[in-house]
Amino acid sequence: ITKHDQECGPDGMLSKSEVLRSAFSTPNISGVILRIDSGGGEGMAMRGFVEAMHERNKPVVAFIEDMACSAAYGIASAADHVVANSELATVGSIGTYLTIADYTKYYENQGIKLTDVYAEASTDKNKPYLEALKGNFKPVQELANSFNDYFLDLIQTNRGDKLSADRKKWGTGRTWQAAEALELGLVDEINTFSNVLNSFV
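Our subject in this report is the structure included herewith. (Residues numbered from 1 in each chain as written. Predicted model: local features only at pLDDT ≥ 70, side-chain atom pairs only at ≥ 80, totals over all residues. Heavy atoms only, no water.)

**A few points about the side chain of Ser 38**
- Checked against the element boundaries, Ser 38 lands in strand E1 (residues 32-38).
- Ser 38 sits in the buried class, given a relative accessible area of 17%.
- A polar atom in the side chain of Ser 38 sits 3.0 Å from the backbone nitrogen of Gly 40.
- Here Ser 38 is in contact with Ile 1, Met 67, Ala 68, Cys 69 and Ala 72, once residues within four sequence places are set aside. (Helix = DSSP H or I, 4+ residues; strand = E, 2+ residues; numbered from the N terminus. Buried < 20%, exposed > 50% of the residue type's maximum accessible area, 1.4 Å probe, protein only. Polar contact = N/O pair within 3.5 Å; in protein donor to acceptor, adjacent residues only side chain to side chain. Contact = heavy atoms within 4.5 Å.)

Structure (structure tokens):
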């Protein structure tokens, strides 16, 4: 899941959001089924697509085709109904992480020395990243915690009273097989795609 289109890959969620809005505005479309098979991706890409889903004027069903994890489950949770294709489908990974890349050694091996010169007033510019490179992960941890709170609130709001357990159970980043996810209220049923499709007829 990415926000922008990939040059040699799938469309990003901005483009998919426009396709979704087009379906909402087409009179002879009675509902939308999102076929999801993804381990997740960019949190901001998820957020934008979920906002588009909230503009719906017709039912939206999330059909989990073997996997809906992390940002992909965030999208699924915003649907009116969440269906998994089998008891073995993987659901969850509701959590947040950030990756810090340190290319210093790589550039040194290439004979390149990078020197950053900041404006005197720019004392906080890139500070979380720079602190992480020094081994102080607290600023980056705070960013991750902030987005994670948003993510868990999103799931809580989207699933509401369908959830049978609180976030201490489902909000740790663990994945679940669909049979377990059904008990937790993360999915609504286990069924086939053809049955879901026929439910709109």
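Okay, back to it.
**Some points on the nonpolar core**
- Core analysis: the biggest nonpolar cluster contains 42 residues, and Leu 34, Met 53, Ile 75 and Leu 186 have the highest contact counts within it.
- Of all the elements in the fold, those that place two or more residues in this core are helix H1 (13-25), E1, helix H2 (43-53), strand E2 (60-69), helix H3 (71-77), strand E3 (81-84), helix H6 (138-159) and helix H8 (178-184).
- When residues in this core are grouped by element, the largest group, six residues, is from H2.
- The contact partners of Leu 34, leaving out residues within four places of it in the chain, are Leu 20, Phe 49, Met 53, Val 60, Val 61, Ala 62, Phe 63 and Ile 75. (Core = buried A, V, L, I, M, F, W, Y, C linked by side-chain atoms within 4.5 Å.)

**Some details on the side chain of Asn 148**
- Position of Asn 148 among the secondary structure elements: in helix H6.
- Residues within four places of Asn 148 in sequence aside, it is in contact with Gly 95 and Thr 96.

**Here's the deal with the environment of Ala 178**
- As for its position among the elements, Ala 178 is in helix H8.
- Accessibility expressed as a relative area gives 0% for Ala 178, which makes it buried.
- Residues Ala 178 and Glu 189, spaced eleven residues apart in sequence, show a C-alpha to C-alpha distance of 8.7 Å.
- In this structure Ala 178 touches Ala 84, Ser 86, Glu 87, Ala 89, Val 91, Val 187 and Ile 190, once residues within four positions along its chain are discounted.

**Quick word on the pairing of E3**
- Pairing between E2 and E3: four bridges, direction parallel. Paired with Ile 64 across the bridge in E3 is Ala 84.
- Of the crossover connections in this fold, the one passing from E2 over H3 to the parallel E3 is right-handed.
- Here E3 runs beside strand E6 (residues 189-190); their pairing, made up of two bridges, is parallel. Note on E6: the bridge partner recorded for Ala 84 is Ile 190. (Pairing = 2+ DSSP bridges. Right-handed = clockwise from strand over helix to strand, strands pointing away.)

**Focus on the packing of H2 against H6**
- H6 packs onto H2 with a crossing angle of 30° between their chain directions and a minimal axis gap of 12 Å. By the angle class used here, H2 and H6 are roughly parallel. At the point where H2 passes H6, the crossing takes the left-handed sense. Between H2, through Gly 43, Met 44, Met 46, Arg 47 and Val 50, and H6, the contact on the second element is made entirely by Phe 147, Tyr 150, Phe 151, Leu 154 and Asn 158.
- Looking at the contact of H2 with H6, its residues break down into seven nonpolar, two polar and one charged. (Axes fitted to C-alpha atoms, helices over the stretch in contact; angles between N-to-C directions. Parallel < 35°, antiparallel > 145°, perpendicular 65-115°, else oblique. Left-handed = near helix turned anticlockwise from the far one by under 90°. Nonpolar A, V, L, I, M, F, W, Y, C, P; charged D, E, K, R; others polar.)

**Details of the packing of aromatic side chains**
- This model, assessed by the stated rule, comprises four aromatic pairs.
- Ring centres of Tyr 106 and Tyr 107 lie 5.6 Å apart, and the angle between their planes is 65°; this geometry places the pair in the edge-to-face category.
- Relative accessible area serves as the criterion here: at 48%, Tyr 106 is assigned to the partly exposed category.
- Note on Tyr 107: relative accessible area 29%, which makes it partly exposed.
- Among the aromatic residues, those joined into a cluster by ring pairs are Tyr 103, Tyr 106 and Tyr 107. (Phe/Tyr/Trp six-rings, centres within 6.5 Å; stacked < 30°, edge-to-face > 60°.)

Shape descriptors only; they carry no functional weight alone.
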